[in-house]
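Topology and contacts: notes
Spelled out, the chains give:
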Amino acid sequence: MKPLVLYNTRTRSKDVFEPIEAGHARVYTCGPTVYAPQHIGNLRSQLLADLLKRALLAQGYRVTHVINITDVGHLTDDADAGEDKMERAAAERGKTAAEIAAQYTEQWLRDREAVGCLAPEVLCRATEHIAEQIALVETLERKGFSYRIDDGIYFDTSKFDRYAEFARLDLDAQLGAGRIGDVAGKRNPADFALWKFAAPDVRRQQEWDSPWGRGFPGWHIECSAMSRRYLGDQFDIHTGGVDHIGVHHTNEIAQSECADGVHPWVRFWIHNEFLNFRGEKMAKSTGNLCVLDDLIDRGIAPLAFRYFSLQAHYRQQQTFTDESIESAATGYERLVAHAAELREAGGECDASKLEPLRERFWGAVRDDLNAPRALAVAWEAVRSEGLDAAERWALLGEFDAFLGLDLQSAAPRAQSGESDPRIDGLLAEREAARARRDFAESDRIRDLLADEGIVIEDTPDGPRWRRG
Ligand code: AMP
Ligand code: ZN
């Protein structure tokens, strides 16, 4: 088997993947902070992890994939100042932090499944691993890497020689910029909270007893503690968005390498670039976002969003616009229609004829998960005149193990071959009602047509109808 090559942020080069334990790949992905809906930019980070997992499985590895849920400790300011995002959302919405976390965890699980992400082997919540986090902070304290100030227990980054290495940080510049003002008493600008004390005058919903008094864990410690619990002191691959390189992942490395005396703690670091929207990064904090349900409401299938994501390499920024998602949806529907037709065809397959395209497809996958190139090869297979239907289907069915577009069973959306001026007119009226957000009227028209046995399907090219 030819090796899988991955771009490794740690070495800034494309490295040949080899797991620590033969045949077994251990992977950790930073999951969602569940104080608000996860948007389709967040989903991009899940899709990268999913493509990675599918590539590892195709290479024959057993995969243990761990994803965390951040349900405490992530503050509005990454530098340990500001409010806890969970507590703030709970106060604003008049709900408990646990209710907020449950609501958005469920939404995230549903959405990631809808876009074809395989379930992780372990899904772990920060609030359910407080003991592990406290134990890790105790280790760091015992080894002399922490100090105590009024605000909490902090990690002393000056004690870790390699602190700046991973993200190529310029710590002198940080000093000059005076970020030390964030939290009074910090020794170095980059120092970060391991454990925060609950303010004496504020009763938090989420606080626990600890050797240092009541409080809650800093944001970074959960990933070090939970990955260690489920994957051991050292493991193979860690994934997340590029925004995590400079602070969150740098701090995870500091904690884990200092607590366990290992280096490198993680061999491969894989980071996805941003999904942009209206000229900037899609982000919860700015409200510049779009969620999967917005697409579904517009008649765009969740897997059409996956198809859209496959069109860009994970290390490229990708821009989300109405036009780009609609054209991806059309492309996806066409691919599904071809797959359905080819599936039915049956017939003999000459395996030797499949090799060139197979080699090019899996070659693209092995070359740092090059999804756009793999997708192009899949289309070549569909169109290839040298192959009969059974051969094309053999390829497409196999390729879907990586693409994850449900080509094995997705049904093409029915095209209405018919036209009826009255029904077409009613449909147009329904569209107009939806555009002015008069949903009572649009539902009335839908029900009227349903009574006549007419089924409406919303597609990226507008609604279609057929007789049910
Ligand atoms: P959060 O819920 O904010 O902790 O983010 C969850 C994951 O989504 C992290 O790995 C982020 O790096 C990633 N992420 C956030 N915004 C974007 C975006 N616009 N494009 C791609 N990934 C993102
Ligand atoms: Zn993390």
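Residues numbered from 1 in each chain as written. Chains lettered and ligands numbered in written order. Predicted model: local features only at pLDDT ≥ 70, side-chain atom pairs only at ≥ 80, totals over all residues. Heavy atoms only, no water.

Across its 13 residues, helix H12 (residues 371-383) extends 19 Å between first and last C-alpha, which sits within 8% of the 18 Å expected from 1.5 Å per residue. Taken together, the buried positions of H12 are Ala-371, Ala-374, Leu-375, Val-377, Ala-378, Trp-379, Ala-381 and Val-382. Where the residues of H12 are buried, they touch helix H1 (40-58), helix H9 (302-310), helix H10 (322-345), helix H11 (351-366) and helix H13 (389-403). Two or three places before Arg-373, at the start of H12, stands the capping residue Asn-370, its side-chain oxygen 3.1 Å from that residue's backbone nitrogen. (Helix = DSSP H or I, 4+ residues; strand = E, 2+ residues; numbered from the N terminus. Expected span 1.5 Å × (residues − 1). Buried < 20%, exposed > 50% of the residue type's maximum accessible area, 1.4 Å probe, protein only. Contact = heavy atoms within 4.5 Å. Polar contact = N/O pair within 3.5 Å; in protein donor to acceptor, adjacent residues only side chain to side chain.)

The next subject is the site of ligand 1. Inspection of the region around ligand 1 gives 19 residues, with Thr-33, Asp-243, Leu-275, Met-282 and Lys-284 positioned closest. Take Gly-41: an N or O atom from its main chain is 3.1 Å from a nitrogen atom of ligand 1. In the environment of ligand 1, a nitrogen atom lies 2.8 Å from a nitrogen or oxygen atom belonging to the backbone of Met-282. Bound to the protein, ligand 1 loses 94% of the 490 Å² it would expose on its own. (Near = heavy atom within 4 Å. Areas by Shrake-Rupley, 256 points an atom, 1.4 Å probe, with all protein chains shown as cover.)

The next thing to look at is the packing of H11 against H13. Relative orientation of the contacting elements H11 and H13 amounts to 15 degrees, with a least axis distance of 10 Å. Taken as axis vectors, H11 and H13 run roughly parallel relative to one another. The chirality of how H11 crosses H13 is right-handed. Judged by residue contacts, Lys-353, Leu-354, Leu-357, Arg-358, Phe-361, Trp-362 and Val-365 of H11 engage Glu-391, Ala-394, Leu-395, Glu-398, Phe-399, Phe-402 and Leu-403 from H13. Of the residues contributing to the contact of H11 with H13, the split by class is 10 nonpolar, no polar and four charged. (Axes fitted to C-alpha atoms, helices over the stretch in contact; angles between N-to-C directions. Parallel < 35°, antiparallel > 145°, perpendicular 65-115°, else oblique. Left-handed = near helix turned anticlockwise from the far one by under 90°. Nonpolar A, V, L, I, M, F, W, Y, C, P; charged D, E, K, R; others polar.)

Empty space within the largest pocket amounts to approximately 770 Å³. Around the largest pocket, the lining comprises 34 residues; the ones closest to its centre are Asn-42, His-74, Asp-243, His-244 and Lys-281. Looking at the lining of the largest pocket, the elements with two or more residues in it are H1, helix H2 (85-93) and strand S10 (235-241). At four residues, H1 tops the list of elements feeding residues into the lining of the largest pocket. (1 Å grid on protein atoms, 1.4 Å probe; cavity = no way out; pocket = protein on both sides within 12 Å on 5 of 7 lines; lining within 4 Å. Points joined across faces, edges and corners; volume = space filled by probe spheres on them.)

Right, let's get into empty space enclosed by the protein. A probe matching the size of a water molecule, rolled over the atoms, marks out where space remains unfilled. A complete count under the given rule lists two cavities of 30 Å³ or more for this structure. Roughly 110 Å³ of internal volume is contained in the largest cavity. What lines the largest cavity is Arg-44, Leu-47, Leu-48, Leu-51, Arg-306, Ser-309, Leu-310, Ala-312, His-313, Tyr-314 and Ala-371. Of the residues in the lining of the largest cavity, the class split is seven nonpolar, two polar and two charged. Formed jointly, the lining of the largest cavity draws a minimum of three residues from each of two domains, domain 1 (5-272) and domain 2 (301-467). (Domains from an automatic or database assignment.)

Domain annotation of the chain identifies domain 1 (5-272) and domain 2 (301-467). One C-alpha centre belongs to domain 1, the other to domain 2; they are set 36 Å apart. Taken together, the contact between domain 1 and domain 2 spans 23 residues of the former and 25 residues of the latter. Across the interface of domain 1 and domain 2, roughly 1,900 Å² is buried in total on both sides, 63% from carbon and sulfur atoms. Counting the surface domain 1 buries against domain 2, the share from its top three residues, Arg-44, Leu-51 and Arg-54, is 30%. One can count two salt bridges joining domain 1 with domain 2. (Buried area = accessible area lost by both parts, 1.4 Å probe. Salt bridge = Lys/Arg side-chain N within 4 Å of Asp/Glu carboxyl O.)

Taking strand neighbours across the sheet as the criterion, the four strands line up as S6-S7-S8-S9 in an open arrangement whose pairing is antiparallel. Two strands close off the open sheet at either side, each with one partner strand: strand S6 (146-149) and strand S9 (215-217). Across this sheet, the average inter-strand angle for adjacent strands is 25 degrees, counted without regard to direction. Summarising the sheet, S6 and strand S7 (residues 152-155) pair through four bridges and their orientation is antiparallel. Residue pairing in the sheet places Ser-146 in a bridge with Phe-155 of S7. In this fold helix H4 (residues 130-142) packs onto S6, S7, strand S8 (192-197) and S9, with an angle of close to 120 degrees to the strand it touches most, S8. (Pairing = 2+ DSSP bridges.)

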